[in-house]
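Each chain is listed here by its residues.
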Amino acid sequence: MDTVIIRNLKAEAIIGIYDFERVAKQPVIISLEMAWDNKKPASTEDIADALDYEKVSKSVKALIESSSFQLVETLAETIAEHVLTTYGTQSLYLELKKPNAIDFTDYVGLSMTRTRADYA
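Residues numbered from 1 in each chain as written. Predicted model: local features only at pLDDT ≥ 70, side-chain atom pairs only at ≥ 80, totals over all residues. Heavy atoms only, no water.

(A) Inspection of the overall build of the chain at higher detail. Across its full length, the chain holds three helices and five strands. For the chain, the succession of helices and strands along the chain, N to C, is β-β-α-α-β-α-β-β. Overall size of the chain, expressed as C-alpha extent along the three principal axes, is 50 × 25 × 25 Å. Taken over 120 residues, the chain has a buried fraction of 39%. Long-range pairs, those at least 24 residues apart, make up 61% of the contacts in the chain with a sequence separation of at least 6. Taken as two groups, the 13 positive and 19 negative side-chain charges of the chain have centres that lie 2 Å from each other. (Helix = DSSP H or I, 4+ residues; strand = E, 2+ residues; numbered from the N terminus. Buried < 20%, exposed > 50% of the residue type's maximum accessible area, 1.4 Å probe, protein only. Contact = heavy atoms within 4.5 Å. Lys, Arg positive; Asp, Glu negative; His and termini not counted. Charge placed at Lys NZ, Arg CZ, Asp CG, Glu CD.)

Have a look at this one:
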């Protein structure tokens, strides 16, 4: 199986448990590694056969920017389910970073691996 990668997609979201986090959007950064068989699109050169990373990026960004979760865990799980069920990828690795969460860190966040079967 091949991997289609989206690295460091940037979006703004209402995310956090504190009152001040519930009123102003904060940056989040998402990276995705999605399992996809690239043999067919490589031979046909037809975008319809490929995992269209532009469509995935735009839909994930829209999902993030319209969300209002308290926990990064909920946002990450929602993104994973969206990508796996909307685009038919078999599995994905997701990394979510919240760079402004703690002043003395570069970022906090999480990573997860999910399969389509997790949402069946």
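(B) Local environment of helix α3 (residues 72-87). The end-to-end C-alpha separation of α3 is 22 Å, in line with the 22 Å expected for 16 residues at 1.5 Å each. Looking at α3, one finds that the buried residues are Val72, Leu75, Ala76, Ile79, Ala80, His82, Val83 and Leu84. Of the surrounding elements, those touching the buried residues of α3 are β1 (2-15), β2 (26-36), α2 (53-66), β3 (68-69), β4 (91-98) and β5 (108-115). Just downstream of α3, Gly88 is the residue with a positive phi angle, here 75°. (Expected span 1.5 Å × (residues − 1).)

(C) Inspection of unusual backbone geometry at higher detail. The backbone of Asn8 sits at a positive phi, close to 60°, despite the residue not being glycine. With respect to the secondary-structure elements, Asn8 resides in strand β1. Its identity is not glycine, yet Glu45 carries a phi of approximately 55°, on the positive side. Along the chain, the position of Glu45 falls in the loop between α1 (39-44) and α2.

(D) Focus on the sheet that holds β2. Strand order in this open sheet of five strands is β3-β1-β2-β4-β5, and the pairing throughout is mixed. The two strands at the open ends of the sheet, each matched to only one other strand, are β3 and β5. Sheet analysis places β4 next to β5, joined by eight bridges and oriented antiparallel. The partner of Leu92 across the bridge, within β5, is Arg114. In the packing of α2 onto the sheet, the strands contacted are β1, β2 and β3, and the crossing angle to β1 comes to about 25°. On the sheet, α3 packs against β1, β2, β3, β4 and β5 and is oriented at approximately 150° with respect to β4. (Pairing = 2+ DSSP bridges. Axes fitted to C-alpha atoms, helices over the stretch in contact; angles between N-to-C directions.)

(E) Geometry of the UniProt feature "domain: Dihydroneopterin aldolase/epimerase" (unreviewed entry) in the chain. Annotation from UniProt places "domain: Dihydroneopterin aldolase/epimerase" (unreviewed entry) at residues 4-114. Across residues 4-114, the secondary structure splits into 32% helix and 36% strand, with the terminal C-alpha atoms separated by 15 Å. (UniProt positions renumbered as here; feature names shortened; annotations may be inferred.)

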